[in-house]
Every structure is written in C-alpha cells, then in structure tokens.
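Take a look at the letters that make up each chain.
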Amino acid sequence: MPVAAAAPLISSVQKLVLYETRARYFLVGSNPAETKYRVLKIDRTEPKDLVVIDDKHVYTQQEVRELLGRLDLGNRTKMGQKGSSGLSRAVSAFGIVGFVRFLEGYYIVLITKRRKMADIGGHAIYKIEDTNMIYIPNDSVRISHPDEARYLRIFQNVDLSSNFYFSYSYDLSHSLQYNLTVLRMPLEILKTETTQTRQESFDIFEDEGLSTQGGSGVFGICSKPYEKYVWNAKLLEAVRSAVHRDWLLYVIHGFCGQSKLLIYGRPVYVTLIARRSSKFAGTRFLKRGANCEGDVANEVETEQILYDASVMSFSAGSYSSYVQVRGSVPLYWSQDISTMMPKPPITLDQADPYAHVAALHFDQMLQRFGSPIIILNLVKEREKRKHERILSEELVAAVTYLNQFLPPEHAIIYIPWDMAKYTKSKLCNVLDRLNVIAESVVKKTGFFVNRPDSYCSILRPDEKWNELGGCVVSTGRLQTGVLRTNCVDCLDRTNTAQFMVGKCALAYQLYSLGLIDKPNLQFDTDAVRLFEELYEDHGDTLSLQYGGSQLVHRVKTYRKIAPWTQHSKDIMQTLSRYYSNAFSDADRQDSINLFLGVFKPAEGKPHLWELPTDFYLHHKNSLSLSQTRQSYTYWWTTGVLKHLPLPFDEVTCAENRRKLTVKKFHKYDEEIDIHNEFFRPYELSSFDETFCLAMTNSTRDFMPKNVGIDPSPFTVRKPDETGKSVLGNKNNREETVLQRKTAASAPPPPSEEAVSSSSEDDSGTDKEDEGAVSQRSTPVKVTDTGDSTKITENVVQATKDVYGVNLSDIPTEDDLAVYERFVQLGQGQHKQDKGSQQFCSKHPLDKVINLKPISSFSQDNIYEVQPPRTDRKSIEIFHAHIQAGRGSMQPLGRDDLLMYREYIRNRYM
C-alpha cells in the first residue's frame with residue numbers, strides 16, 4: 001500500500017495581541033508571517049462564567065486592521081473623540097496556557113516570553129520564560145471574595161518559567177517514533193480521514209481551495225496529545241470544544257536539552273526530552289507509590305533523539321530515538337514524615353493480593369510501549385533492618401502474579417540489582433555491571449530509526465547488531481517495549497542507570513546512522529562526556545522538581561573519580577533536600593494540586609489549606625465505588641495482546657484514527673511548510689534571532705585545544721587533553737603553579753562564590769589554552785630565575801604536540817617564495833613596491849591571484865581581487881558537466897571516440 005506525503009500541522013497562532021474594551025477582550029492571533037489571523041472574543045460582563053466566541057474565520061492583515069478600527073470607533077464614549085481610545089492594547093503574547101477560576105471570575109494565563117531550547121527537524125521547542133495572568137471580568141461586575149487572593153498566590157507558586165516547554169508544530173507529549181509513524185500512514189487511510197474531517201468540520205473556510213489542487217497536495221496531520229504528560233489540559237478544558245485547534249497550546253513539564261556533536265564538521269544533534277506525568281504528581285515524601293488508577297509518583301518518560309542536522313526534513317533526514325521510563329514502585333505505599341527522620345519507615349497502606357494497581361500501571365505501559373516491559377529494580381536487597389526490601393518483595397509477588405496470565409513471549413521481565421551494595425564494594429565496578437545490563441536491555445527492546453540498515457552494515461555485519469531486538473520494518477526499526485527503572489526515590493541511582501542504558505543505546509543509534517563502525521562507545525571520549533553532562537543536567541532538573549535539591553550521587557561518584565570537593569557538595573545537597581522535604585513540600589503539593597485541577601475551589605466546601613490530607617483527591621475510589629470491576633486474570637485492555645510486541649497506540653486501527661486530524665494542503669502552504677517556518681525568509685534576519693538557540697553543550701567544549709590531536713569525538717582522551725576536565729576543574733596546571741608562587745604578594749583571591757561557580761562557567765565557556773594565565777587572576781611578575789625556568793618548561797610545548805608535525809631545519813625555495821608573498825600581503829598597509837612586484841611576477845601564484853589597488857590614497861589597504869580568466873574550451877567543458885548532471889548527455893565528438901577506442905585497446909586488448 002503506498003505511503004502518503006504527509007507533514008505535521010503547524011499552528012497558525014504564534015503571535016498574540018490582547019486588546020480590551022470595557023465589555024470584551026479581543027485576542028488577535030497570527031502566524032509568524034502575519035498573513036493569516038484569527039480573532040477570539042472574550043466576554044467581560046459575566047462575573048463568574050467564561051464566554052469565549054471563535055468565529056473560525058481566517059482574516060487577512062487588511063481585514064484585521066479594518067475590524068480593529070471599527071471596534072475602536074464603536075467603543076469610544078463620544079463619536080469622533082480621539083483622546084481616549086475605545087480599544088486599547090493590553091499585552092503581547094506567544095500562546096495561551098489556559099483559563100482558570102477560583103472563587104471569583106476567570107483568569108487567562110498568557111505566555112509573554114519564550115526561549116528556543118531545541119530543534120528537531122526544523123520544529124522548534126520553546127521554554128516558557130514568563131507568563132501574565134489577567135483577570136477577565138470588568139471591575140464593575142466583579143464579586144469579591146476574601147480568599148481569592150490566597151488561591152491566586154498558591155496557583156502562582158507553580159513557576160511556569162521553570163522547565164515548562166511547548167512547540168507549535170511538534171507533539172511533545174508523544175515520542176518521535178509515534179510522531180513519525182503517524183506521518184507514514186497508508187495513503188488510502190489518510191484519504192478516508194480527510195473526507196471525514198471535511199464532513200465533521202464546522203469551519204466553512206477550512207477546506208477552501210482543495211478541489212483545485214488535484215492530487216499534488218500534501219496531507220497535514222495533527223494527533224491528539226497524550227494527556228498524561230500535558231500539564232495544562234485542565235486549564236484548556238473550558239474552551240477546548242469552542243475554539244479552533246490552533247488556539248490550543250499543550251505544555252509539558254520536565255526537561256529539554258540539546259547538544260551538538262561535531263563529527264569532522266558534520267553536525268549531529270543529541271536531544272534529551274523528559275516528560276513528567278501530570279497524574280499523581282507531587283513532591284518526594286507526599287507522593288509515593290501509585291493511586292487507584294495505576295498512575296505512579298515521579299513518573300518521567302525520558303527520550304533521547306539523535307539526528308543528522310545537515311538534513312532537516314522528516315521524510316529525507318535520518319532520525320533515531322530511544323525511550324525509557326522511571327517511576328515509583330507501583331504499589332500502595334507511603335512514608336510518614338511526621339517523625340522528622342531522614343529516612344522515614346516504609347509502610348504498605350493497602351493489601352493488594354491480586355496486584356490490581358500494578359496491573360493498571362503495566363496495562364498503560366503495554367498500550368504505549370508494547371512488549372517486553374523490563375523492570376530494573378535498584379532498591380536494597382540486604383538490610384539489617386527491613387526497609388527498602390519491603391518494596392522488592394511486594395513487587396516480585398505482583399509481577400509473578402501478573403505474568404501467569406500473559407503469553408510467555410510477552411511476559412514482564414524483572415531484573416533486581418542492589419546498586420548500593422555494589423557501590424560500597426571495592427572489588428566491583430558498578431558501571432561495568434550496569435553496562436552488561438544495558439546491553440541486554442537494548443538488545444531486547446531495540447530502538448527507533450527511520451531509515452533501513454546502511455549498505456556497509458549489511459556487507460560487514462556486526463555480531464551485536466544481528467542480535468538486536470525490536471521490530472524491523474521496510475522504513476527502518478521500531479522500539480518495542482521499554483525499560484522501567486526505579487529505586488526508592490527514582491533520583492540518584494535511577495539517573496546513573498538510565499545514563500548507562502542511554503549510552504549503550506546511543507552507540508547503536510550512531511551505528512545505525514553510519515557515524516561509527518562498531519556499536520560501542522568508550523568512556524573518556526568527547527561524545528560520552530557531552531552525553532554525560534546532558535544527563536546530569538537532566539537528573540538535576542528532575543531531582544529539583546521532585547526532591548527539592550540537585551543530584552547527590554552522580555556518574556562520577558559511581559566511577560569513583562569525583563574530586564574531594566564533591567563530598568562537601570553532596571552533604572549540602574542532602575541538607576537542602578531534607579529542608580525542602582520538611583518545610584516547603586506541603587506548600588508545593590498544594591500548588592500542584594490546584595494547578596492540575598485535582599482540587600477545584602467551590603463555595604460551601606473546605607478550602608485547600610483546610611484539608612488534613614489530599615489522599616481523597618488522588619484516589620477517586622475512596623469517594624465512590626467504580627461501576628465496572630477489572631478482571632483478576634485478563635487484566636489488560638481488550639485488543640492490546642493482539643498487536644504485541646507493537647504498542648497498541650501506534651497500530652493503524654479505527655480507535656487510533658479517531659485521534660487524528662487530517663487535512664490536505666497545497667505543497668507550499670504555510671501550515672505544513674517547515675522550511676518556511678524554520679528559515680522565515682519573509683523576516684528581516686538578525687543574528688540574535690537566528691542564533692537564539694542556546695545549546696546545552698557542544699563537542700567543541702570537550703575537544704582538545706592542540707591541533708595535532710585527532711578531533712574525532714570517539715577518541716579516548718586523557719583528562720589533560722580535553723577542553724573540559726573530567727573532574728570539572730577549570731584551572732590548569734600552570735595557573736595552579738602561578739597561584740602558589742604569588743600567594744604572598746598577590747591581592748586577595750577572588751570570592752568563594754566565583755571559585756565555586758566553575759561548574760556553571762564550564763557549561764558555556766571553553767577552558768583556556770594551556771600555558772595561558774587565568775584572566776581572573778592578577779598578573780604578577782616572577783623575579784626568581786629558577787622558578788621562572790621551571791614554569792617555562794611547563795608552558796612551552798614541543799612543536800609536534802602543538803602543530804602535529806616537526807618543522808624541518810631549512811625550508812625549500814618554493815616554500816620561502818610563498819611565505820614572502822604571504823608576508824607582503826599581510827603587512828599593515830599592504831604596500832606594493834616595484835621590487836616586490838618584480839619578485840612576485842616570476843611566481844606562478846601571480847597568474848591566479850592579482851591584487852590591484854583601487855584607492856587613490858597610499859595608506860588605504862583596499863584592493864580589488866581579479867579572478868583568473870577562463871578560456872572558452874574550459875567553459876564549454878564545465879557546461880557539458882552541468883548538463884550531464886541534469887541527465888542530458890552531449891553527443892561525443894570524433895576526437896572523443898578515437899580517444900575512447902585507444903583507451904579500450906590499451907586497457908583490455
């Protein structure tokens with residue numbers, strides 16, 4: 001069945017301006033080119049109800065100007081009055097987060113600042129930098145409530161400028177595999193969906209012009225977001241059915257970082273996206289285990305995306321991704337924090353002999369990821385006092401029970417490994433053991449790549465590559481199944497384990513794109529150091545969101561190469577985490593409950609701060625009994641087993657097709673043209689906007705500063721050969737020596753804050769060249785002859801180390817001639833005297849390059865470069881070469897035929 005030409009739909013509402021009158025708000029949204037406009041009318045006369053009207057009409061710029069002019073004229077207090085405008089501009093924005101109401105009227109939350117964080121195939125991912133919350137009803141109809149201000153303050157405690165992300169054209173709630181699988185749907189299915197969309201569409205102008213384009217159009221596809229990872233779903237609930245889909249901007253919470261991997265100049269982008277679940281969300285000790293619907297605490301889906309940035313198109317480019325999950329143990333358990341202990345005892349709240357909550361959780365995973373589901377349990381197995389082992393025993397029992405009813409080939413795989421025990425042992429290498437686990441996991445699940453195996457890998461197959469699992473299709477490979485990693489908190493140990501699995505998957509991804517010859521990556525290479533920093537930023541961000549502090553134990557800690565200063569930082573992070581859990585987590589939990597709509601304020605009901613616990617808000621079965629009871633044996637959703645190992649959500653069936661919106665467009669329509677969206681040829685370009693994407697890291701930060709060393713990011717290097725030190729220490733050996741020598745005579749050293757911020761400096765700046773004194777240290781003249789000799793020996797390097805070659809003793813005459821020519825051109829005023837011209841005229845370079853002064857003033861250095869002249873025969877050969885490249889061959893002349901016959905006779909006869 002032929003595959004259709006399809007592209008993601010690009011939202012046509014990316015710039016917003018809010019205008020206000022006394023009776024209404026008018027929200028005018030446009031695309032970046034400002035050629036298409038939509039208008040949203042919001043009533044301000046209703047004190048408690050939300051009235052939003054969308055006429056679904058697409059306006060031109062001229063029509064919008066006329067509309068705003070009429071509104072301005074019609075809302076003035078007196079006809080012809082110009083002093084006080086009837087229509088005033090309130091705020092400019094980039095999207096709507098949603099609408100929310102507490103005890104008075106509704107508020108609208110607008111994104112007023114954004115920052116580009118990543119780019120996936122030309123589709124920009126933005127981070128929210130600032131928002132504005134505007135009260136909709138007019139002051140004349142406002143009914144005040146004494147507790148409104150307190151609810152507003154609690155709601156605003158959720159900092160929307162901290163790790164909230166959105167995109168106008170890329171669905172962040174789904175994986176790359178899902179998004180690209182949807183674009184490769186068969187042509188017949190898309191035609192059917194397009195017909196249904198036209199019939200169900202209530203926009204009378206939406207399909208205008210489609211009949212004239214014939215079969216040359218492109219299908220635009222927009223899928224329904226996966227609401228588990230959408231954090232503003234409740235805020236958009238009130239207007240979702242009343243407005244056009246371009247007004248709906250779905251926001252995720254978690255982490256997004258992108259780094260550039262330069263492979264001999266070839267740009268490869270490594271992107272890490274973490275989606276935090278909005279179900280059963282909260283803080284560390286207040287949200288443990290799972291709720292009655294199978295949603296677990298601290299559930300985060302991490303996806304690493306690798307693609308060749310030299311080709312931007314989803315259809316023509318090379319893209320690969322790998323997904324893994326972390327989340328609390330899916331049981332009913334909690335920890336009592338009223339005792340103020342660093343490690344409160346773990347208690348099982350409810351007996352669950354039939355693993356009901358675990359069945360719901362793994363059913364969700366089978367639908368989204370397919371099989372096999374692999375559990376990597378990192379909690380302690382041996383303890384003097386039973387603490388973490390309680391969770392392991394219950395989880396083993398639940399998995400054993402559920403596997404009885406699954407087919408053996410799709411059974412849940414359980415891998416227990418006491419990571420803390422191996423860390424304390426001096427004989428065991430933790431990361432080596434994790435690497436073995438990672439290899440086995442990636443071989444079972446496979447990974448996603450949107451291109452078939454390269455020809456070189458078919459000719460020279462690798463043993464590991466042939467053992468790789470997943471699903472092989474004509475267009476590439478699909479990941480089937482997922483690794484689910486957990487410890488108690490799912491923070492420190494989990495992040496290190498996920499890094500090792502991600503490192504193993506990264507090697508396979510690079511191999512599948514033809515960038516390395518074997519699917520292996522070694523530590524102490526630029527690529528792995530870049531990937532490690534990306535994962536540590538990812539771990540720090542997720543740890544701050546859930547635990548209140550950054551990571552305590554990092555990859556360097558488990559490699560046992562962390563500097564001695566790291567121990568003091570670990571102690572501070574532990575204290576910070578304890579303080580946050582004891583004093584601020586309760587307020588943060590209230591804010592999350594209010595923001596996600598778990599708690600809705602209402603008259604006559606207890607306020608949020610009056611509730612003794614939020615258990616009843618997250619466990620709906622505690623308030624009402626469910627009408628349907630899930631089977632104890634057939635615990636999965638109907639139809640899931642039929643398609644395994646493929647995930648049910650990615651199968652082409654009627655249920656999944658209902659989640660898609662399909663439209664047909666002209667080939668260069670702005671709603672599907674990602675080239676237009678990315679390069680913006682209609683805008684006046686500026687460097688600030690063109691290069692606004694701040695990469696987390698680049699291999700340039702890690703590459704050696706010495707020219708002679710191999711610049712490949714896959715070469716193993718010593719710590720002193722890299723641009724960034726492995727230990728994160730910015731000062732090099734020479735700076736240390738100078739600081740020791742000048743400690744007595746130098747001014748006071750820089751503040752402790754400046755020294756301790758070296759890790760922050762490392763993320764954006766390169767290490768200074770060896771032999772250079774730090775710019776932050778005071779220059780001091782060293783008078784001791786012996787000491788200065790020692791320092792010079794350290795600073796001066798051999799020519800071989802710096803340039804990669806040894807200079808010969810006597811240059812040749814040709815080299816001297818080239819050098820003298822170079823020196824004369826490089827002089828300050830570029831003076832050319834007659835003698836130099838006579839000298840250079842004998843050199844063959846003068847036939848190629850000729851500098852002619854074009855200024856009347858002798859002190860100017862402005863010269864005209866005259867290109868070499870080309871004869872007519874060369875031009876004809878060049879044109880024939882161009883025509884041959886286009887497919888039209890020139891007839892061979894007599895001389896060509898004679899030359900070819902002579903070649904054949906000499907070569908073969």
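Remember, it's a predicted structure, so these values are computed and weren't measured experimentally.

*Asks:* Whenever I open this one, the overall build of the chain confuses me. Can you help?
*Replies:* Summing up its helical and strand segments, the chain has 30 helices and 27 strands in all. By residue count, 47% of the 909 residues in the chain fall in the buried class. For the chain, restricting intrachain contacts to residue pairs at least 6 apart in sequence, the fraction spanning at least 24 positions comes to 72%. Summed over its atoms, the accessible surface of the chain is roughly 47000 Å², and 54% of this surface lies on carbon and sulfur atoms.

*Asks:* Quick question: what am I supposed to make of the sheet that holds strand E4 (residues 37–43) here?
*Replies:* Strands belonging to one sheet form pairs held by backbone hydrogen bonds; the direction of such a pair is parallel or antiparallel. Reading across the sheet, the 5 strands line up as E5-E4-E3-E2-E6 and stay open at both edges, with antiparallel pairing between neighbours. The open sheet has two edge strands, strand E5 (52–54) and strand E6 (88–93), and neither has a second partner. Strand-to-strand twist in this sheet, taken as the mean axis angle between neighbours without regard to direction, amounts to 20°. Relative to strand E3 (residues 24–30), strand E2 (residues 15–20) runs antiparallel, the two sharing 6 bridges. Note on E3: the bridge partner recorded for Val17 is Val28.

*Asks:* Help me understand the nonpolar core in this model?
*Replies:* When a protein is soluble and globular, its nonpolar side chains tend to lie buried together. Counting 53 residues, the largest nonpolar core has Tyr322, Leu434, Val442, Phe499 and Leu510 as its most contacted members. Of all elements in the fold, only strand E12 (252–263), strand E13 (266–276), strand E14 (300–308), strand E18 (373–377), helix H9 (430–445), helix H12 (492–512), helix H13 (526–547) and helix H14 (555–559) reach the threshold of two or more residues within this core. Discounting chain neighbours no more than four positions away, the residues touching Leu510 are Leu261, Leu306, Leu515, Ile516, Leu521 and Phe714. Within the second largest apolar cluster, 32 residues are counted, among which are Val323, Phe362, Leu391 and Val482.

*Asks:* Looking at this model, I keep getting lost on the pattern of salt bridges. Mind explaining?
*Replies:* Side chains that differ in charge, positive against negative, can pair when their charged atoms come close. With the rule as written, the count across this model stands at 32 salt bridges. When the shortest N-O distance is used, the salt bridge between Arg142 and Glu104 registers 2.8 Å. Linking Arg142 in the loop between strand E9 (123–135) and helix H2 (148–155) with Glu104 in the loop between strand E7 (95–101) and strand E8 (106–120), this pair joins segments that are 38 residues apart in sequence. Among the residues examined, Glu104 registers a relative accessible area of 3% and is labelled buried. With a closest N to O distance of 3.4 Å, Glu388 and Arg493 form a salt bridge. Taken together, the positions of Glu388 in the loop between E18 and helix H7 (389–403) and Arg493 in helix H12 put the pair 105 residues apart, joining distant regions of the chain. Comparing Glu388 with Arg493 shows no difference in burial state: the two are buried.

*Asks:* Explain the environment of Glu533 here, please?
*Replies:* The topology assignment puts Glu533 in helix H13. Judged by its relative accessible area of 24%, Glu533 is partly exposed. Taking the C-alpha atoms as reference points, Glu533 and Val555, separated by 22 residues in sequence, lie 9.6 Å from one another.

*Asks:* Please clarify how a nonpolar patch on the surface should be interpreted in this entry.
*Replies:* The grouping of Tyr455, Ile458 and Leu459 at the surface amounts to a nonpolar patch, some 370 Å² of accessible area in total. In this structure, Leu459 sits in helix H10 (residues 455–459). Classification of Leu459 by relative accessible area gives exposed; the value is 52%.

*Asks:* Honestly, the packing of H9 against H12 in this entry has me stumped. Any pointers?
*Replies:* When two helices pack together, their arrangement is given by the angle between the helix axes and by the axis-to-axis distance. Running from N to C, H9 and H12 cross one another at 55°; their axes reach a closest spacing of 9 Å. Accordingly, the angle class assigned to the pair H9 and H12 is oblique. Crossing hand, H9 versus H12: right-handed. For the pair H9 and H12, the contacting residues are Leu431, Leu434, Asn435, Ala438, Glu439, Val442 and Lys443 in the first and Thr496, Ala497, Met500, Val501, Lys503, Cys504, Ala505 and Tyr508 in the second. Here the residues of the contact of H9 with H12 are counted per class, giving 10 nonpolar, 2 polar and 3 charged.

*Asks:* Looking at this structure, I do not really get the sheet that holds strand E1 (residues 6–8). What am I missing?
*Replies:* Strand order in the open sheet formed by 3 strands is E1-E11-E24, with mixed pairing between adjacent strands. The open sheet is flanked by E1 and strand E24 (660–665), the only strands paired with a single partner. For this sheet the average axis-to-axis angle between neighbouring strands, irrespective of direction, equals 30°. Where E1 lies against strand E11 (residues 218–223), 3 bridges are found, and the strand directions are parallel. Its bridge partner lying in E11, Ala7 is registered against Gly220.

*Asks:* Help me understand the packing of aromatic side chains in this model?
*Replies:* Centre-to-centre distance and the angle between the planes together describe a pair of aromatic rings. Under the definition given, this model contains 33 aromatic pairs. A cation over a ring is seen here: Arg114 above Tyr126, with NZ or CZ 4.5 Å from the ring centre. When the ring centre of Trp465 is taken as reference, the NZ or CZ atom of Arg477 above it lies at 4.5 Å.

*Asks:* Looking at this structure, how should I read unusual backbone geometry?
*Replies:* Apart from glycine, the bulk of residues carry a negative phi angle, and the bulk of peptide bonds sit in the trans form. Here the amide bond leading from Ser371 into Pro372 is cis, since omega sits at 5°, within 30 degrees of zero. Looking at the secondary structure, you find Pro372 in the loop between helix H6 (356–369) and E18. Note that the residue after Leu644, namely Pro645, is joined by a cis bond; omega there is 10°. Within the secondary structure, Pro645 sits in the loop between helix H17 (640–643) and helix H18 (654–657). The phi angle at Glu34 is positive, at roughly 60°, despite the residue not being glycine. If you trace the backbone, Glu34 turns up in the loop between E3 and E4. Residue classification places Glu34 among the partly exposed positions, given a relative accessible area of 32%.

*Asks:* What am I meant to see in the packing of H12 against H13 here?
*Replies:* Axis separation between H12 and H13 bottoms out at 10 Å; the angle between their running directions is 145°. In this structure, H12 meets H13 at a crossing whose hand is right-handed. Here Asn495, Gln498, Phe499, Gly502, Lys503 and Leu506 of H12 lie close against H13, whose contacting residues are Val528, Phe531, Glu532, Tyr535, His538 and Gly539. Of the residues that constitute the contact of H12 with H13, the class distribution is 5 nonpolar, 5 polar and 2 charged.

Conventions we followed
Residues numbered from 1 in each chain as written. Predicted model: local features only at pLDDT ≥ 70, side-chain atom pairs only at ≥ 80, totals over all residues. Heavy atoms only, no water. Helix = DSSP H or I, 4+ residues; strand = E, 2+ residues; numbered from the N terminus. Buried < 20%, exposed > 50% of the residue type's maximum accessible area, 1.4 Å probe, protein only. Contact = heavy atoms within 4.5 Å. Areas by Shrake-Rupley, 256 points an atom, 1.4 Å probe, with all protein chains shown as cover. Pairing = 2+ DSSP bridges. Axes fitted to C-alpha atoms, helices over the stretch in contact; angles between N-to-C directions. Core = buried A, V, L, I, M, F, W, Y, C linked by side-chain atoms within 4.5 Å. Salt bridge = Lys/Arg side-chain N within 4 Å of Asp/Glu carboxyl O. Patch = residues over 30% accessible without salt bridge, like charges linked within 9 Å, V, L, I, M, F, W, Y side chains within 5 Å. Parallel < 35°, antiparallel > 145°, perpendicular 65-115°, else oblique. Left-handed = near helix turned anticlockwise from the far one by under 90°. Nonpolar A, V, L, I, M, F, W, Y, C, P; charged D, E, K, R; others polar. Phe/Tyr/Trp six-rings, centres within 6.5 Å; stacked < 30°, edge-to-face > 60°. Lys NZ or Arg CZ within 6 Å of the ring centre and 35° of its normal.

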